[in-house]
Amino acid sequence: MKLILASASPRRRELLTLAGYEYEVCPADIDESCIDTTDPGETVKILAEQKAKAVFASHTGCVVLGSDTVVAYNGVILGKPKSRKDAVNMLRMLSGKTHTVYTGVAAVTDGKCESFVSETQVEFYRLTDSEIDAYVNSGEPMDKAGAYGIQGKGVVLVKSVSGDYSTVVGLPLAECARLLSKFGIHGEII
């Protein structure tokens, strides 16, 4: 059975490729503003399922993998920054503190949908204003939840990670491999 990744994320593609999966990419086009929950875990689960189901509608007979990631601090979801000022404010909020990254994953095929949510704690170093400005000026934070990318230059902001690193990148690969194996989809190892 063919695997379809319902995401344009280069990071998710890198992770699936690393694990030896063969797949096609078909990004989902859904309205993410209609989610009526503020719970970060529930939000990513719903969005992952909606993305997978939306792509499955035009790829029946395949297994479609959807995923969504958010950063939350004190229960408040920090999405992608809307402006430079927004990115600076998010990074100041996270400076010297621990936050949670939630990634929801859903696999959908004919008559079957299974999903899970993975949580990982990330602690930032205390950041100076000049460090924040330099990072924001790099442009990297502007398309990242929580205004940073751990797989890029943002790695220097991170003091520690407690949990699955790949959850922070955007696809908890070990748990995802186990989910896909239930659908008969296997990488090189699992």
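Here, every reference points to the structure presented above.
Quick caveat: nothing in here was measured; it's all calculated off a predicted structure.

S.K.: Whenever I open this one, the overall build of the chain confuses me. Can you help?
M.R.: Along its length, the chain carries 6 helices and 7 strands. Beginning at the N terminus, the succession of helices and strands in the chain can be written as β-α-β-α-β-β-α-β-β-α-β-α-α. For the chain, whose C-alpha radius of gyration is 17 Å, the value lies close to the compact-globule estimate of 16 Å for 190 residues. Look at the contacts in the chain between residues 6 or more apart in sequence, and 67% of them connect residues 24 or more apart. Taken as a whole, the chain presents about 9000 Å² of accessible surface, with 49% of it coming from carbon and sulfur. Each charge sign in the chain was given a centre, from 20 positive and 24 negative side chains, and these centres are 4 Å apart.

S.K.: Please clarify how helix H2 (residues 40-56) should be interpreted in this entry.
M.R.: Spacing of three or four residues puts side chains on the same side of an α-helix, whose turn is 3.6 residues. Across its 17 residues, H2 extends 24 Å between first and last C-alpha, which sits within 8% of the 24 Å expected from 1.5 Å per residue. Within the span of H2, buried status applies to Pro40, Gly41, Thr43, Val44, Leu47, Ala48, Glu49, Lys51, Ala52, Val55 and Phe56. Looking at the packing, one finds that the buried side of H2 touches strand S1 (3-5), strand S3 (63-73), strand S4 (76-78), strand S5 (98-109) and strand S6 (112-124). Where H2 begins, the side chain of aspartate 39 points an oxygen toward the backbone nitrogen of glycine 41, at a separation of 3.3 Å.

S.K.: How should I be thinking about the packing of aromatic side chains in this particular structure?
M.R.: A ring pair, where both rings are aromatic, is described by two values, the distance of the centres and the angle of the planes. One pass over the structure, following the stated rule, counts 1 aromatic pair. Ring centres 4.8 Å apart and planes at 75 degrees place the aromatic pair phenylalanine 124 and tyrosine 148 in the edge-to-face group. Of this pair, phenylalanine 124 sits in strand S6 while tyrosine 148 sits in the loop between helix H4 (129-137) and strand S7 (158-162), placing them 24 residues apart in sequence. On the basis of relative accessibility, which here comes to 1%, the residue phenylalanine 124 falls in the buried class. Given a relative accessible area of 5%, tyrosine 148 falls into the buried group.

S.K.: Is there a simple way to think about the side chain of threonine 69 in this case?
M.R.: Within the secondary structure layout, threonine 69 lies in strand S3. Residue classification places threonine 69 among the buried positions, given a relative accessible area of 18%. Reaching out from threonine 69, the side chain makes a polar contact with the side chain of arginine 12 at a distance of 3.1 Å. Side-chain polar atoms of threonine 69 contact the side chain of threonine 103, separated by 2.8 Å. Those residues in contact with threonine 69 that lie beyond four places of it in its chain are Arg12, Val44, Val101, Tyr102, Thr103, Ala145, Thr167 and Gly170.

S.K.: Just checking my understanding: could you explain the environment of glycine 66 for this structure?
M.R.: Relative to the helices and strands, glycine 66 resides in strand S3. Placed 75 residues apart in sequence, glycine 66 and proline 141 show a C-alpha to C-alpha distance of 23 Å. Not counting residues within four places of it along the chain, the set of residues in contact with glycine 66 comprises Ala6, Ala48, Ala52, Gly104, Val105 and Ala106.

S.K.: Looking at this structure, I do not really get the packing of helix H3 (residues 84-94) against H4. What am I missing?
M.R.: For the pair H3 and H4, interaxial distance at closest approach is 10 Å and the crossing angle is 135 degrees. On the basis of the axis angle, H3 is oblique to H4. Crossing handedness for the pair H3 and H4: right-handed. On H4, the residues that touch Arg84, Ala87, Val88, Leu91 and Arg92 of H3 are Asp129, Ile132, Asp133, Tyr135, Val136 and Asn137.

S.K.: Looking at this model, I keep getting lost on the pattern of salt bridges. Mind explaining?
M.R.: Should their charged atoms come close, side chains of opposite charge can pair. Summed over all chains, the structure comprises 7 salt bridges. A salt bridge links arginine 92 to aspartate 129; the nearest nitrogen and oxygen atoms lie 3.4 Å apart. Of the two residues, arginine 92 sits in helix H3 while aspartate 129 sits in helix H4, which places them 37 residues apart along the sequence. Relative accessible area serves as the criterion here: at 42%, arginine 92 is assigned to the partly exposed category. The class of aspartate 129 is partly exposed, set by a relative accessible area of 45%. Note that glutamate 114 and lysine 182 form a salt bridge whose closest N and O atoms lie 3.3 Å from each other. Placement of the pair is glutamate 114 in strand S6 and lysine 182 in the segment after helix H6 (173-181), with a sequence separation of 68 residues. With a relative accessible area of 52%, lysine 182 lands in the exposed category. Within this structure, Lys112, Glu114 and Lys182 form a network of salt bridges that share partners.

The rules behind these values
- Residues numbered from 1 in each chain as written.
- Predicted model: local features only at pLDDT ≥ 70, side-chain atom pairs only at ≥ 80, totals over all residues.
- Heavy atoms only, no water.
- Helix = DSSP H or I, 4+ residues; strand = E, 2+ residues; numbered from the N terminus.
- Rg over C-alpha atoms; globule rule 2.2 N^0.38 Å.
- Contact = heavy atoms within 4.5 Å.
- Areas by Shrake-Rupley, 256 points an atom, 1.4 Å probe, with all protein chains shown as cover.
- Lys, Arg positive; Asp, Glu negative; His and termini not counted.
- Charge placed at Lys NZ, Arg CZ, Asp CG, Glu CD.
- Expected span 1.5 Å × (residues − 1).
- Buried < 20%, exposed > 50% of the residue type's maximum accessible area, 1.4 Å probe, protein only.
- Polar contact = N/O pair within 3.5 Å; in protein donor to acceptor, adjacent residues only side chain to side chain.
- Phe/Tyr/Trp six-rings, centres within 6.5 Å; stacked < 30°, edge-to-face > 60°.
- Axes fitted to C-alpha atoms, helices over the stretch in contact; angles between N-to-C directions.
- Parallel < 35°, antiparallel > 145°, perpendicular 65-115°, else oblique.
- Left-handed = near helix turned anticlockwise from the far one by under 90°.
- Salt bridge = Lys/Arg side-chain N within 4 Å of Asp/Glu carboxyl O.

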